[in-house]
Amino acid sequence: MQRISSGRDMTPNLEVTIGSLRLKNPVMTASGTFGYGEEYAEFMDLNALGAIVVKGLSLKPKEGNPPPRIVETASGMLNSIGLQNIGIERFIHDKLPFLRRFDTPVVVNFFGDSVDEYAAATARLDGIDGIHALEMNISCPNKQAGWAVFGTDPKVTCEVVGAVRKRTSLPLIVKLSPNVTDIALMARVAEDSGADALSLINTLTGMAIDIRTRRPKLANIRGGLSGPAIKPVAIRMIYDVFRAVKIPIIGMGGIMNAGDALEFMMAGASAVAVGTANFINPRTAVEVVAGLATFMEREQVKEIRSLTGAAHAG
Amino acid sequence: MQRISSGRDMTPNLEVTIGSLRLKNPVMTASGTFGYGEEYAEFMDLNALGAIVVKGLSLKPKEGNPPPRIVETASGMLNSIGLQNIGIERFIHDKLPFLRRFDTPVVVNFFGDSVDEYAAATARLDGIDGIHALEMNISCPNKQAGWAVFGTDPKVTCEVVGAVRKRTSLPLIVKLSPNVTDIALMARVAEDSGADALSLINTLTGMAIDIRTRRPKLANIRGGLSGPAIKPVAIRMIYDVFRAVKIPIIGMGGIMNAGDALEFMMAGASAVAVGTANFINPRTAVEVVAGLATFMEREQVKEIRSLTGAAHAG
Amino acid sequence: MSRYFRAEISANIPLNDNHNLLSLTNLDPMDEPEPGQFYMVEVNQGYDPLLKRAFSLFRRTAEGIQILYRIQGKGTAILRNLKEGAVIRILGPLGNGYPAAPEEAIPVILAGGIGIASVFPLIERFAGKAYVLYGARTGGDLFMIDELRGLSKELHLCTDDGSCSEKGNVVGLLHSLCASRSSCLDHVKVYACGPKVMLREAAKVVSSNCIKAWFSLEEHMACGIGACLGCVTKIKSARPGEEQAFEYQRVCKEGPVFDAEDIVW
Amino acid sequence: MSRYFRAEISANIPLNDNHNLLSLTNLDPMDEPEPGQFYMVEVNQGYDPLLKRAFSLFRRTAEGIQILYRIQGKGTAILRNLKEGAVIRILGPLGNGYPAAPEEAIPVILAGGIGIASVFPLIERFAGKAYVLYGARTGGDLFMIDELRGLSKELHLCTDDGSCSEKGNVVGLLHSLCASRSSCLDHVKVYACGPKVMLREAAKVVSSNCIKAWFSLEEHMACGIGACLGCVTKIKSARPGEEQAFEYQRVCKEGPVFDAEDIVW
Ligand SMILES: Cc1cc2nc3c(=O)[nH]c(=O)nc-3n(C[C@H](O)[C@H](O)[C@H](O)COP(=O)(O)OP(=O)(O)OC[C@H]3O[C@@H](n4cnc5c(N)ncnc54)[C@H](O)[C@@H]3O)c2cc1C
Ligand SMILES: Cc1cc2nc3c(=O)[nH]c(=O)nc-3n(C[C@H](O)[C@H](O)[C@H](O)COP(=O)(O)OP(=O)(O)OC[C@H]3O[C@@H](n4cnc5c(N)ncnc54)[C@H](O)[C@@H]3O)c2cc1C
Ligand SMILES: Cc1cc2nc3c(=O)[nH]c(=O)nc-3n(C[C@H](O)[C@H](O)[C@H](O)COP(=O)(O)O)c2cc1C
Ligand SMILES: Cc1cc2nc3c(=O)[nH]c(=O)nc-3n(C[C@H](O)[C@H](O)[C@H](O)COP(=O)(O)O)c2cc1C
Ligand code: FES
Ligand code: FES
C-alpha cells in the first residue's frame, strides 16, 4: 500500500490508559505466553512493549499437570500447563529485579484456589516496587466450590473480586473466562465488584483424542484452546462487553499481527495482549507495535485510543 | 499403512442406532450445510449416508439476514444465514419427494421463535411419510424472552423440549447450543424433558471486523463459527455430555475426515455429522464412511458402536 | 462426478505484479463450461485458508481451463506460489452463465478490472460481433489487449488514471456509445462484469436507455453449489401477493449472471 | 537476535520414502550450535499447522545447517514439499546439548531411528573416538552409514527386522558391549537419543553398570525457549526438604539432554 503523505506532521500517539496505568502503547503480552519476560529479552527491546504480563502466580509454587501438556489443533493449540509457577516469593526475589530494569509496567497475573488465597496473594503483591498492576485470573478452579471455576458463577466472581479489591490500590484487572453463557453479565459483575479493567478472553476449554491410542492427547484430558482459531469468539465477546461496561478492556485471543490487534481495538479493546503468537514468532509483540504506528500514519489516525470501539459507530 | 490381514473374515459393522432410528452407518450431514440433499446428489450416492439432515425449517418461510453472510476465519468460517428457509410446507411438497427416493433416513431440523411455534411445527412434521426423525435447533432466539436464545436457559429449554416431545412420537433429537457455561447441565435438561438423542455442537457465536471499513464483516454483526477451528471445543463438550446423560449423542463441529469422526465417537458420540467440510469437499461425508470402514478393518473393530466413548475407558 | 475434478497446474504466469494467468489441465473428466460460469478452486492443503475460492472461467483450452486472477488476499497469495505440476481440486463449472443472444443482437460488453475474466469467453463466443468496453485502474491492469482487439468488433479502453487510452470508466464509455447511437439501440444487449459500483452505475444507463442487460455479481461463497445460502443477493421478487419487494437469491446457483432489471442495488 | 533467523532452503533431498535431508543457508547471522541442540522450524505460512517443529542440529555446514527429518505428520509433510529457494524462519540453536567429555572418556553413542540426527554432530565432534551403536526399524532407515563408519571408532548396526546387519536393538548392543568389557567400563560415557522405550531400557543398562550417561528427550513444544512450560518432563528433585521426588523441568531449556540418572521414567 502507498503511504499517503499527510501534508502536516503526524506523529501517531500510541499512548493508552488502563485505569490509572499509563502505557506508552497498547500492546501487552498475555500471561503464560511470555514467561517472566527474560525469555524474550534476546528477541526484542522489552522497553518497546506497552506492558509485560507475567505467568500466573500463586502464593505457593505450583507443580502443574503431567505432560503431555501441549497439543496442536487447527489454527490453535491446547495447553494444560496447570498453572505451574514458581510462587510469588520466588518471583519477587528472582524475577522482578530483572523486570525493574525496564521502563515498561509489569502486570502480575495471579490466582488462588480459594477466596482467602486470592486475598492473601493480593496482599503480598500490593505495594511491591516494580509491580504496576494486578491481573486476577478467575478461570481457575475453586477448592471450596468443588473445583468449579471462579469465573463462571456470578456470585463467586463477585465475592472473589470484592475480596481482592479490598486488599490493593493497584489497578485491578479481572481476566474473564470465556466459557460462560453470558460474558456481558460476568463483565458487569466484575465491574461492580471493583475491577478497574477487564482482560478477555482466556482460553476456551477444549480437548483432543489420539485415535491410535484411543486416549485423550493431554495427560490432564482437557486443556485451554488459544490461537487464531478462537479470534472470532474473542472479538464477539469484546464487542458485547464493550456495550455492557464502562471500564477499559484488554483484548486477547489469537492476535498474530497488527491487523488483528486493530480488530480487537475496533471491537472495544483499549489495549491488547499477544499470546500464542509469541511462540510462533518471538518478535510478534514489537512487530504489532510497529504495525499499529504504520497503520495510524497511513490512515491519519492521531490517537490510537480513538480506535477503541470504532466498529460500534454508525 | 499396511493392512493387517485378519485371518478370519471381518466385515465391519457400521450400523448404529439413535433411539429407535437405525442407521446403516454413523455418518450424517449437519443441518444447513447440505441444503435439502439435492445439491449433493451429483457428488455422491445419497444411499451411502447414515442419514440426511436438512436445512433448518420453520412453519413459515424465512428470508434470513442480509449479505454478507459468510466470513472465512482461521481454520473456520462465520455464517449469519439467519435461518433462511422455504418453510415446512414447501419442504414437504417440493423437497421431500426427492429425498423419499433414497434408502436413507431423513432428519428434519426445525426451529421456531416461540414455544407455540415449535409445537405447531412439530405437529405439522409428525407423521409425514419420509421424515424419520426430528432435530430441534434450540440455538435460536426466543421472541417471548426478548430474543434470548432458547438453548441457553435451562428453564426455557425444559419448556420447549417438553412441548415438542408431546407433539411427536418420532425420534426427537435436541441440538444443543455450545454457548453455555455448563453443557452437561443443558444436556441433562434436554434428556429429562424427553429428548431421545442430542446433537452437539451448533456453532460458537463469533464475529469479525474489517479494519479498513471499521465495520463488522457480517451485515448481521455476529455469526456462527464452524469448521476445524471449533473441533477441540466440540470434542470436549461431547466428552462431558457423554458422562452426564444416557441418551445417544450425535457429534459434530469441524469434522473433516474419518480420523476426526473417530475422535468424536471415542469422545462419546454414537453418530457424527459432517458440516462445513461439505463446502470444502462435497464428497466428504461418503469419504468419511469409507474411512471408518478402513479403520475398522485395520484395527480389527467389528462393531463401530463399540468405539463410542472409548476414550473414557481406563 | 464431473463437476468435482482434479487439475494439474500447467502454468501459473504473472501478468503484472498482482495478476496471474493460471492454466489447468484436468486430470478427471470435466463438464463443458459456458461463458460466465465459475469454479471453486482449492488454494491449499491445510485448513487455513479453509474455503475454496471462486474464479470465473477465463478460457476453455484444449487441455482444460484457464483462470485469470488478481492477487487480493491470503488465498490468492498462496495460489500464486503454486508451481507447475501441483494438483488442486476444483468444483465447477458452477452457476448460470450469460444467456445466449438472438442472431440480430448487437452485444456490448463491459469489463471493469478483473471483470474481464468473466466476460472474456463471452467475447470469444461473439467472435468479432461484440463492442467491448474495458476499463481498469491503470494501463498495467489492462490484459489481453491484442487478443481482445482480434476478438471484438470494436475495443474501447479506458483507465481511471488516464495512463492508457482514455481517462475515465466503462460506464462513461457506455454512455457515449448510447448517446452516439441513440436511434438504434433496439438490438443492443449489454453484458457486464466488474466492481459493484460500476455495475450500479451501468444499471442506470441501461435502464434509462431501455437496454436489456445481464450483469455478473460477486458475493462471498462457502459451498458454490447452492447448499449454504451464504452468497445471496437481493433480487426483485416476482411472487404475487408478497409484501416484500425482493427475495434473496443465490449468486452461486441462480447467478452469478442476473438480469440487470432484477437486481436490487 | 541471532537465535531467530531466516534461512533459505538450498536442498531438501529424500533419503528414502519418509526421511529427508534438509540443507539450509542462513540469511541472517546465526549463533554457533552445539551437538544435541535443536531448532524450532517454521513449516508453513498460514495458521494451520500453527506451531514451529523441533528438529535437532544434524550438521553444521559452511553455508548453514542441515536437518535430518522423518515425515511423520502434517508439518513434516509440508516441509517435505518445500522447494529450493523457499525461505523459512528458524529459532535456535536451543537448549543444552551433550556435555563435553574429559580427554580419557570412552564415548559410546546410541542412536535409535531418527535419534541419529541428534547424536550425529556429537559423533563428528568425537572424531573417530566414539563407539556408535545405531539401530532402526529396517535397513532402509539406517542413514549416513559410510560417513558414520569414517567418523566412528567402531560402528555397530542393528535392525528390528534383521533386514540389515544384526537383528535386535541398540540396547541389546549396549548390553553386549558392557558384558564384553565389564572390566573396563570406568571411562565409558554413554550418549543416547531415540524412542522413549529405548532410552528407558538403556537407562537400566547404564545404571546397573554404573555408567555415566546423557539422554536427549523429546516432548511436544510450543515456544522452544522456556516460556510456555509446555514441554516439561519429570526430573529427580534435588531441592532439600521437598516432599515430592521430582520436579518438572523444561525439555527445551534445561534439556533436551539430561543426565540419565535424573530422569524419572
Ligand atoms: C462468481 C465469482 C467469480 C469470480 N471470478 C474471479 C476471477 O475470475 N478472477 C479473480 O481474480 N477474482 C474472481 N472473483 C473474486 C475472487 O473470488 C476473490 O478475489 C478471491 O476469493 C479472494 O480470495 P483471497 O483469499 O485472495 O482474499 P481474502 O480477502 O483473503 O479472502 C477472504 C475470504 O473472502 C472471500 N472473498 C474475498 N473477495 C471476494 C470477492 N470479490 N468475491 C467473492 N469472495 C471474496 C474469499 O473467497 C475468502 O473466503 C470471483 C468471485 C466470484 C464470486
Ligand atoms: C528436541 C527435539 C528434537 C527433535 N529432533 C528431530 C530430528 O532431528 N528429526 C526428526 O525427524 N524429528 C525430530 N524431532 C521430532 C519432531 O519434532 C516431530 O517429528 C515433528 O514435530 C512432527 O511434526 P508433524 O507435524 O510432522 O507431526 P504431527 O504429529 O502432525 O505434529 C502434531 C504436533 O505434535 C508435535 N509432535 C509430534 N511428534 C513429536 C515429537 N516426537 N516430538 C515433539 N513434538 C512432536 C508437533 O511438533 C506438532 O506440534 C525432535 C523433537 C524434539 C522435541
Ligand atoms: C501456554 C499458555 C499458558 C497460559 N497461562 C495463563 C496463565 O497463567 N494465566 C492466565 O490468566 N492466562 C494464561 N493463558 C491464557 C493467555 O494469557 C490468553 O488469555 C489466551 O491464550 C488467549 O490469547 P492467545 O490466543 O493470543 O494465546 C495461557 C495461555 C497459554 C497458551
Ligand atoms: C452455513 C451454515 C448453516 C447452518 N444452518 C443450521 C441450521 O439451519 N440449523 C442447525 O441446527 N444448525 C445449522 N448449522 C450448524 C451446523 O449444522 C453444525 O452444527 C455446525 O456448523 C458445526 O459443525 P461443522 O463445524 O462441521 O460445520 C449451520 C452451519 C453452517 C456453517
Ligand atoms: S455459496 Fe453456498 S449457496 Fe452459494
Ligand atoms: S516449549 Fe515452551 S517451555 Fe519448552
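Residues numbered from 1 in each chain as written. Chains lettered and ligands numbered in written order. Predicted model: local features only at pLDDT ≥ 70, side-chain atom pairs only at ≥ 80, totals over all residues. Heavy atoms only, no water.

(A) Focus on the overall build of chain A. Counting secondary structure elements, chain A contains 9 helices and 18 strands. Since a compact globule built from 314 residues should have a radius of gyration of about 20 Å, the 19 Å found for chain A is in line with a globular shape. If you line up chain A on its principal axes, its C-alpha atoms span 60 × 50 × 40 Å. For chain A, restricting intrachain contacts to residue pairs at least 6 apart in sequence, the fraction spanning at least 24 positions comes to 71%. Of the roughly 10,700 Å² of accessible surface on chain A, 49% is carried by carbon and sulfur atoms. The average position of the 33 basic charges and that of the 31 acidic charges among the side chains of chain A differ by 4 Å. (Helix = DSSP H or I, 4+ residues; strand = E, 2+ residues; numbered from the N terminus. Rg over C-alpha atoms; globule rule 2.2 N^0.38 Å. Contact = heavy atoms within 4.5 Å. Areas by Shrake-Rupley, 256 points an atom, 1.4 Å probe, with all protein chains shown as cover. Lys, Arg positive; Asp, Glu negative; His and termini not counted. Charge placed at Lys NZ, Arg CZ, Asp CG, Glu CD.)

(B) Examining the sheet that holds strand E7 (residues 106-110) of chain A more closely. All names here are of chain A. The strand order across the open sheet formed by 8 strands is E3-E18-E17-E12-E11-E8-E7-E4, and the pairing between neighbours is parallel. Edge positions in the open sheet fall to strand E3 (27-29) and strand E4 (52-57), since each of these has one partner strand only. Pairwise comparison of adjacent strand axes, ignoring direction, gives a mean angle of 25 degrees for this sheet. Relative to strand E11 (residues 172-175), helix H4 (residues 154-167) is tilted by about 160 degrees, and along the sheet it contacts E7, strand E8 (133-137) and E11. Most of the contacts of helix H9 (residues 284-298) go to E3, to which it runs at about 170 degrees, and overall it touches E3 and strand E18 (271-274). (Pairing = 2+ DSSP bridges. Axes fitted to C-alpha atoms, helices over the stretch in contact; angles between N-to-C directions.)

(C) Local environment of the packing of aromatic side chains. On inspection of all chains with the given rule, the structure shows 28 aromatic pairs over all chains. Aromatic pair Phe215 of chain D and Trp265 of chain D: ring centres 6.3 Å apart, planes at 55 degrees, arrangement tilted. Highlighted residues: Phe215 of chain D in strand E13 (residues 212-216) and Trp265 of chain D in the segment after strand E16 (257-259), separated in sequence by 50 residues. The class of Trp265 of chain D is partly exposed, set by a relative accessible area of 37%. Measuring from centroid to centroid gives 5.3 Å for Phe246 of chain D and Tyr248 of chain D, while their planes differ by 65 degrees, and the two rings are edge-to-face. Judged by its relative accessible area of 15%, Phe246 of chain D is buried. Three or more aromatic residues joined by ring pairs form one cluster here, namely Tyr98, Phe126, Tyr191 and Trp214 of chain C. (Phe/Tyr/Trp six-rings, centres within 6.5 Å; stacked < 30°, edge-to-face > 60°. Buried < 20%, exposed > 50% of the residue type's maximum accessible area, 1.4 Å probe, protein only.)

(D) Focus on helix H4 (residues 154-166) of chain B. All names here are of chain B. The terminal C-alpha atoms of H4, which comprises 13 residues, lie 18 Å apart, in line with the 18 Å expected from a rise of 1.5 Å per residue. When H4 is considered as a whole, its buried residues turn out to be Val156, Thr157, Val160, Val161, Gly162, Ala163 and Val164. Buried positions along H4 lie against strand E7 (106-110), helix H3 (115-125), strand E8 (133-137), strand E9 (141-142), strand E11 (172-175) and helix H5 (183-192). Between a side-chain oxygen at the N-terminus of H4 and the backbone nitrogen of Lys155 the separation is 3.0 Å; the capping residue is Asp153. (Expected span 1.5 Å × (residues − 1). Polar contact = N/O pair within 3.5 Å; in protein donor to acceptor, adjacent residues only side chain to side chain.)

(E) Inspection of helix H2 (residues 116-126) of chain C at higher detail. Residue and element names in this part refer to chain C. H2 sits mainly inside the fold: 9 of its 11 residues count as buried. Burial in H2 covers these residues: Ile116, Ala117, Ser118, Val119, Phe120, Pro121, Leu122, Ile123 and Phe126. Immediately downstream of H2, the backbone of Ala127 shows phi near 35 degrees, a positive value.

(F) Broad picture of the domain arrangement of chain C. Residues and elements named next belong to chain C. Assigned domains within chain C: domain 1 (4-94) and domain 2 (106-219). Measuring from the centre of the C-alpha atoms in domain 1 to the corresponding centre in domain 2 gives 25 Å. Considering only the surface of domain 1 that becomes buried against domain 2, Pro35, Phe58 and Leu68 emerge as the three largest contributors, covering 40% of it. A salt bridge links Glu34 to Arg125; the nearest nitrogen and oxygen atoms lie 3.4 Å apart. Across the domain 1-domain 2 interface, the total number found is 3 residue pairs in polar contact (both at pLDDT 80 or more). Secondary structure elements with two or more residues in the side of domain 1 that touches domain 2: strand E1 (4-16), strand E2 (19-26) and strand E6 (64-70). For the side of domain 1 that touches domain 2, the element with the most residues is E6, which contributes 3 residues. (Domains from an automatic or database assignment. Buried area = accessible area lost by both parts, 1.4 Å probe. Salt bridge = Lys/Arg side-chain N within 4 Å of Asp/Glu carboxyl O.)

(G) Structural view of the pattern of salt bridges. Overall, the coordinates contain 56 salt bridges over all chains when judged by the stated rule. Across the pair Asp210 of chain A and Arg212 of chain A runs a salt bridge whose closest N-O atoms are separated by 3.6 Å. Salt bridges sharing partners connect three or more residues here, namely Glu39 of chain A together with Arg250 and Glu254 of chain D.

(H) Structural view of empty space enclosed by the protein. For the coordinates displayed, the defined rule picks out 1 cavity of 30 Å³ or more. Taken together, 15 residues line the largest cavity, and the ones lying closest to its centre are Pro178 and Leu204 of chain A together with Pro178, Asn179 and Leu204 of chain B. For the lining of the largest cavity, the secondary-structure elements that each account for two or more residues are helix H6 (231-244) of chain A together with strand E13 (204-207) and helix H6 (231-244) of chain B. Residue composition of the lining of the largest cavity, by class: 10 nonpolar, 3 polar and 2 charged. (1 Å grid on protein atoms, 1.4 Å probe; cavity = no way out; pocket = protein on both sides within 12 Å on 5 of 7 lines; lining within 4 Å. Points joined across faces, edges and corners; volume = space filled by probe spheres on them. Nonpolar A, V, L, I, M, F, W, Y, C, P; charged D, E, K, R; others polar.)

(I) Seen up close, the pairing of strand E9 (residues 131-136) of chain D. Residues and elements named next belong to chain D. Most of E9 sits inside the fold, with 6 of its 6 residues counted as buried. Of the two faces of E9, the one carrying Tyr131, Leu133 and Gly135 and the one carrying Val132, Tyr134 and Ala136 are both buried. Strand direction decides the pairing type here: strand E8 (residues 106-112) and E9, joined by 5 bridges, are parallel. Paired with Gly112 across the two strands is Gly135, which belongs to E9. Following the chain from E8 across helix H2 (residues 116-126) to the adjacent parallel E9, one finds a crossover that is right-handed. For the handedness criterion, the β-α-β arrangement of E9, helix H3 (residues 145-151) and strand E10 (residues 154-159) is classed as right-handed. (Right-handed = clockwise from strand over helix to strand, strands pointing away.)

(J) A look at the interface of chain B and chain A. The partner chain A presents 43 residues to the 43 residues of chain B that form the contact. At the junction of chain B with chain A, the criterion picks out 4 salt bridges. Between Arg222 of chain A and Asp240 of chain B there is a salt bridge, with its nearest N and O atoms 2.7 Å apart. If you look at where chain B meets chain A, you find 14 residue pairs in polar contact (both at pLDDT 80 or more). Among the secondary structure elements, those contributing two or more residues to the side of chain B that touches chain A are E13, strand E15 (215-216), strand E16 (222-226), H6 and helix H7 (258-267) of chain B. The element that contributes the greatest number of residues to the side of chain B that touches chain A is H6 of chain B, accounting for 6 residues.

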